Structures are given as structure tokens and as C-alpha cells.
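# Coordinate analysis (summary)
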Amino acid sequence: MFTPRLAAAAVITLVAAGCAGQEAPLAPASAAPTVTAQAADRGRMLAAGTCAGCHATGQAGASPMAAAPPFREIAHRYPLDELETRFAEGLATTHPGMPPFVFRASEIDDLIAYLQTLKADR
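A brief report on the enclosed structure follows. (Residues numbered from 1 in each chain as written. Predicted model: local features only at pLDDT ≥ 70, side-chain atom pairs only at ≥ 80, totals over all residues. Heavy atoms only, no water.)

We now examine the overall build of the protein. Check the secondary structure of the protein and you find 5 helices and 0 strands. Counted from the first residue to the last, the protein has its helices and strands arranged as α-α-α-α-α. Per-residue burial for the protein yields a buried fraction of 28% across its 122 residues. In the protein, 58% of the contacts between residues at least 6 apart in sequence involve partners at least 24 apart. (Helix = DSSP H or I, 4+ residues; strand = E, 2+ residues; numbered from the N terminus. Buried < 20%, exposed > 50% of the residue type's maximum accessible area, 1.4 Å probe, protein only. Contact = heavy atoms within 4.5 Å.)

Tracing the backbone shows Asp110 in helix α5 (residues 105-120). Look at Asp110 and you get buried, because its relative accessible area is 9%. Discounting chain neighbours no more than four positions away, the residues touching Asp110 are Ala39, Ala40, Arg42 and Gly43.

What follows deals with the side chain of Ser63. As for its placement among the helices and strands, Ser63 is situated in the loop between α2 (37-50) and α3 (71-77). Of the residues examined, Ser63 reaches a relative accessible area of 14% and is grouped as buried. Among the polar contacts made by the side chain of Ser63, one reaches the main-chain carbonyl oxygen of Ala68 at a distance of 2.6 Å. With near-sequence residues (within four places) excluded, Ser63 lies in contact with Cys54, His55, Ala56, Ala68, Pro69 and Pro70. (Polar contact = N/O pair within 3.5 Å; in protein donor to acceptor, adjacent residues only side chain to side chain.)

We now examine a negative patch on the surface. Together, Asp81, Glu82, Glu84 and Asp109 make up a negatively charged patch on the protein surface. Per element, the largest residue contribution to the negative patch is 3 residues, and it comes from helix α4 (residues 80-89). Inspection of the secondary structure assignment puts Glu82 in helix α4. Glu82 gets classed as partly exposed once you look at its relative accessible area, which sits at 36%. (Patch = residues over 30% accessible without salt bridge, like charges linked within 9 Å, V, L, I, M, F, W, Y side chains within 5 Å. Areas by Shrake-Rupley, 256 points an atom, 1.4 Å probe, with all protein chains shown as cover. Salt bridge = Lys/Arg side-chain N within 4 Å of Asp/Glu carboxyl O. Lys, Arg positive; Asp, Glu negative; His and termini not counted. Charge placed at Lys NZ, Arg CZ, Asp CG, Glu CD.)

Before going further, it helps to examine the packing of α4 against α5. At their nearest, the axes of α4 and α5 sit 10 Å apart, and the two run at 150 degrees to each other. Classed by the angle they form, the pair α4 and α5 counts as roughly antiparallel. As α4 packs across α5, the resulting crossing turns out to be right-handed. Contact residues: Leu80, Leu83, Glu84, Phe87 and Ala88 in α4; Ile108, Asp109, Leu111, Ile112, Leu115, Gln116 and Lys119 in α5. Among the residues making up the contact of α4 with α5, the classes are represented as 8 nonpolar, 1 polar and 3 charged. (Axes fitted to C-alpha atoms, helices over the stretch in contact; angles between N-to-C directions. Parallel < 35°, antiparallel > 145°, perpendicular 65-115°, else oblique. Left-handed = near helix turned anticlockwise from the far one by under 90°. Nonpolar A, V, L, I, M, F, W, Y, C, P; charged D, E, K, R; others polar.)

Let's shift gears to the pattern of salt bridges. For the structure shown, the criterion picks out 4 salt bridges. Ionic pairing is found between Arg77 and Glu73, a salt bridge with its closest N-O pair at 3.3 Å. Separated by 4 residues within a single helix, Arg77 and Glu73 lie in helix α3, roughly one turn from each other. Between Arg104 and Glu107 there is a salt bridge, with the nearest N and O atoms lying 3.5 Å from each other.

Turning to α5, a few remarks are in order. Compared with an ideal rise of 1.5 Å per residue, which puts 16 residues at 22 Å, α5 spans 23 Å between its outermost C-alpha atoms and is within 8% of the ideal. Buried within α5 we find Glu107, Ile108, Asp110, Leu111, Ile112, Ala113, Tyr114, Leu115 and Leu118. Packing partners of the buried residues in α5 comprise α2, α3 and α4. (Expected span 1.5 Å × (residues − 1).)

Below is the structure:
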């Protein structure tokens, strides 16, 4: 026999089962993403392997190619969201001898994370 008490127990059981599978609420979409140390480190390694032949990629030192600005200057010279767009569109030659580069989205995220650390350290 179906009673109001049985109906209430069924509703409570269903609600509890539904809540048990839910994850913690996500941060609002407007929240600024945070730079992770892992992303910045991957970006540093990518810059060292891909760009260091021409650019100084660390906190100090001159670029091996005088026409190639150090990454620490690039981080302050350009808005990072603009650089992110340029990386996504395929970085065109910005100094003599620079080959065209196309980066994957994850690589762009890592490079921007690394540039953020260079910007913050100054």
C-alpha cells in the first residue's frame, strides 16, 4: 500500500542518490584562470627547445640573435591575450630569420602561462 510516508521516503532516497553523484560546484565562468606551475614549466621547456636558439627565454641574459627580443621583454611589451591570439593564428615572422610557428592549443596555454611568470617576476 502506497502511503504519504512511503512517498516521502522515496523522494528523499531519490534526492540523496542524485546528490551523491554530483561533483563540487565549478567556479563561475567569469573567474580568472590561475597559472599552474606545471603549465608554466611546460611553457618554459617549450620555449627553451623551440625559441632559445634566437631568444633569451629566461629571466636574464641577451638573446643569441640581437634582433630577437628576450621573452621577458615580450611579456611586458605585448598584452598576453594578444600574444595568445597571434600564437593561435600562426606566429608570423617578427624578426629576420624567424621561421613560422604553429602551436597546438595546449602549447599556447603553456607558453602564455610561462610568459605570465616572466611578467610577474619583474
